[in-house]
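Each chain, letter by letter, is given below.
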Amino acid sequence: MRLRPEWDEYFMSLAELAATRSTCLRRQVGALLVSGSRVLSTGYNGAPKGLAHCLELGCLRTKAGIPSGQRQEMCRAIHAEQNAIIQSARYGVTVTRATLYCTHQPCATCLKMLLNLDVTRFVFRRPYPDELSLALMRESGLVPTQRDDLTIWSLR
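In this report, we go over the structure that sits alongside the text. (Residues numbered from 1 in each chain as written. Predicted model: local features only at pLDDT ≥ 70, side-chain atom pairs only at ≥ 80, totals over all residues. Heavy atoms only, no water.)

**A closer look at the pairing of strand β1 (residues 30-35)**
With 5 of 6 residues buried, β1 is to be regarded as a mostly interior element. Relative to strand β2 (residues 38-44), β1 runs antiparallel, the two being bridged by 6 bridges. Following the sheet pairing, L33 is matched in β2 by S41. Here β1 hands over to β2 after 2 residues, with G36 in that stretch at a positive phi of 60°. Across 4 bridges, β1 lies against strand β3 (residues 99-104) in antiparallel orientation. By the bridge assignment, L33 is partnered in β3 with L100. (Buried < 20%, exposed > 50% of the residue type's maximum accessible area, 1.4 Å probe, protein only. Helix = DSSP H or I, 4+ residues; strand = E, 2+ residues; numbered from the N terminus. Pairing = 2+ DSSP bridges.)

The structure is reproduced here in structure tokens:
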């Protein structure tokens, strides 16, 4: 008998697949916004539409010696979560009360955007060095749980 993945694992595998489209040289990130069992939008990190990618030009952050998790404005890429938000807005898809599936913990900037959209559940596989993001999750009433290799922050 074939085993079907649980929903969280299924959607995380789609986020991992989205990350394969990333053009970032440092970290390939994929994100999905999901409601119920339906994917609303996807995103991956890379340069804005029509601009050269880091794959072509090299990484500004590496050249400047900027550590991971700092000075995010010094980057050509738009974060995967931001691209998922932009995609939903562009096509008129409401993501209120959605779940974010992301390969990595959202940074504080992405988290603030998602909280303002009333995203109520965050599922990610890998940490990101942003203590403010974790503090804001706690302050917003989200509670962390660990399941297998997934970290899940949700309202209780």
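Okay, back to it.
**Concerning the pattern of salt bridges**
Any two side chains of opposite charge can pair, on the condition that their charged atoms come close. Across all of its chains, the model carries 6 salt bridges by this definition. Linking R125 and D149 is a salt bridge whose minimum nitrogen-to-oxygen distance equals 2.7 Å. Here the residue R125 occupies a position in strand β4 (residues 121-126), and D149 occupies one in the loop between β5 (142-147) and β6 (150-155), the gap between them amounting to 24 residues. By relative accessible area, R125 is classed as buried at 19%. Three or more residues are tied together by salt bridges with common partners; here these are E9, E16, R125, R126 and D149. (Salt bridge = Lys/Arg side-chain N within 4 Å of Asp/Glu carboxyl O.)

**A closer look at helix α1 (residues 7-19)**
Taking 1.5 Å of rise per residue, the 13 residues of α1 would be expected to cover 18 Å, and the 18 Å separating its terminal C-alpha atoms lies within 8% of that figure. Along α1, the residues classified as buried are D8, F11, M12, A15, A18 and A19. Angularly, the buried residues of α1 cover 110° about the axis, an arc narrow enough to put them on a single face. Contact partners of the buried residues in α1: β1, β2, β3, β4, β5 and β6. (Expected span 1.5 Å × (residues − 1). Arc of directions from axis to C-beta. Contact = heavy atoms within 4.5 Å.)

**A look at the nonpolar core**
Formed by 22 residues in total, the largest nonpolar core has its most connected members in L33, L100, L114, V119, F122, M137 and W153. The set of elements that each furnish at least two residues to this core consists of β1, α4 (80-90), β3, α5 (108-116), β4 and α6 (131-139). (Core = buried A, V, L, I, M, F, W, Y, C linked by side-chain atoms within 4.5 Å.)

**Notes on the side chain of T151**
Turning to its location among the elements, T151 is positioned in strand β6. Polar contacts involving the side chain of T151 include one to the side chain of Q146, which spans 2.9 Å. Contact partners of T151, with chain neighbours within four places excluded, come to F122, V123, F124, T145 and Q146. (Polar contact = N/O pair within 3.5 Å; in protein donor to acceptor, adjacent residues only side chain to side chain.)

**A few points about the packing of α5 against α6**
Remark: α5 packs on α6, axes separated minimally by 8 Å, with the N-to-C direction vectors making an angle of 25°. Regarding the angle of α5 to α6, the classification is roughly parallel. Residues A108, L111 and K112 of α5 touch α6, and the partners they reach there are L132, S133, L136 and M137. (Axes fitted to C-alpha atoms, helices over the stretch in contact; angles between N-to-C directions. Parallel < 35°, antiparallel > 145°, perpendicular 65-115°, else oblique.)

**Looking at the packing of α4 against α5**
Between α4 and α5, whose axes approach to 9 Å, the crossing angle comes to 30°. As summarised for this structure, α4 and α5 are arranged roughly parallel, according to the angle between their axes. Viewed along their axes, α4 and α5 form a crossing whose handedness is left-handed. Here E81, Q82 and I85 of α4 come into contact with α5, specifically with T109, C110, M113 and L114. When grouped by side-chain class, the residues that make up the contact of α4 with α5 number 4 nonpolar, 2 polar and 1 charged. (Left-handed = near helix turned anticlockwise from the far one by under 90°. Nonpolar A, V, L, I, M, F, W, Y, C, P; charged D, E, K, R; others polar.)

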